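Fold and geometry: a report
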Amino acid sequence: MSSIRILAFAGSLRATSFNKKLVAVAAETARELGCDVDLVDLRDFPMPIYDGDYEQAEGQPQPVKDLKARILACDALLVGCPEYNASITAVLKNTIDWVSRPQPGEPSAFKGRPAALLAASMGPIGGLRGLSPVRDIFDQLGVLTVPTQFALGTAQNAFDADGNLIDPMHRSLVKDVVAELATVTSALRAAR
């Protein structure tokens, strides 16, 4: 069986985002577990705010099509979920809204696809409140979000200069999330 293909990204545009750093650590962990990882930056897929009238008149913007193709080429998703005002970021919600739009003859980019969620913030609970809304949205889209998740608190102190997690327990918790995603994805592929 070929290795599991994971698309990894963070729902942040900020260049120095702690969630981007955390997803990069998780992506490297997935590679160490034998997965193929496509780590993308949502800055490379600029999208207008979703507007049904715009979509009807113009169709889907090319960055939406490009990201959707990358998602369709993978088996699973690994998502860093920043918490803004105790909820999902605008860029992550907009990305999900655009990518979830059905196109004639095209399979759903989300339905039946497993996903794992991570979060990081400077606060003590690590963006934990932002994970639940993402889980709810993914549930509505038919995404199989794995139960294990990780929220990294006081993220400003958690990484070394090279972007590695300093605390071995944090590395272990990220590995638990990624390993569960790989296990669930492998089981789903075997069942198909």
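All of these numbers come straight from a predicted model, not from anything done at the bench.

The next point concerns the nonpolar core. Ranked by internal contacts, the top residues of the largest apolar core, which has 30 residues, are Ile-6, Leu-22, Leu-78, Leu-152, Phe-159, Leu-165 and Val-174. If you list the elements that add at least two residues to this core, you get strand 1 (5-10), helix 1 (18-32), strand 3 (76-80), strand 4 (114-120), strand 6 (150-152) and helix 6 (168-191). The biggest single contributor to this core is helix 1, with seven residues. Setting aside its immediate chain neighbours within four residues, Val-174 contacts Leu-22, Val-25, Ala-26, Thr-29, Phe-150 and Leu-165. Membership of the second largest hydrophobic core comes to 28 residues, among which are Leu-7, Cys-74, Leu-92 and Val-143.

This paragraph deals with the side chain of Thr-185. Its location among the elements puts Thr-185 in helix 6. On the accessibility criterion, Thr-185 (2% relative accessible area) is buried. Polar side-chain contacts of Thr-185 include one of 2.7 Å to the backbone oxygen of Leu-181. Every residue in contact with Thr-185, bar those within four places of it in the chain, is listed here: Ile-4, Asp-75, Ala-76 and Pro-114.

Of note, Gly-126 is situated in the loop between strand 4 and helix 5 (128-140). What makes Gly-126 buried here is its relative accessible area of 0%. Other than its neighbours up to four places away in sequence, Gly-126 contacts Ala-119, Ala-120, Ser-121, Ala-151, Leu-152 and Gly-153.

In this fold, Leu-165 is placed in the loop between strand 6 and helix 6. Assessed through its relative accessible area of 3%, Leu-165 is described here as buried. In sequence terms Leu-165 and Val-40 are 125 residues apart; their C-alpha atoms lie 20 Å from each other. Leaving out residues up to four positions away in the same chain, Leu-165 has contacts with Leu-22, Val-25, Leu-152, Ala-158, Phe-159, His-170, Arg-171 and Val-174.

Parameters at a glance
Residues numbered from 1 in each chain as written. Predicted model: local features only at pLDDT ≥ 70, side-chain atom pairs only at ≥ 80, totals over all residues. Heavy atoms only, no water. Core = buried A, V, L, I, M, F, W, Y, C linked by side-chain atoms within 4.5 Å. Buried < 20%, exposed > 50% of the residue type's maximum accessible area, 1.4 Å probe, protein only. Helix = DSSP H or I, 4+ residues; strand = E, 2+ residues; numbered from the N terminus. Contact = heavy atoms within 4.5 Å. Polar contact = N/O pair within 3.5 Å; in protein donor to acceptor, adjacent residues only side chain to side chain.

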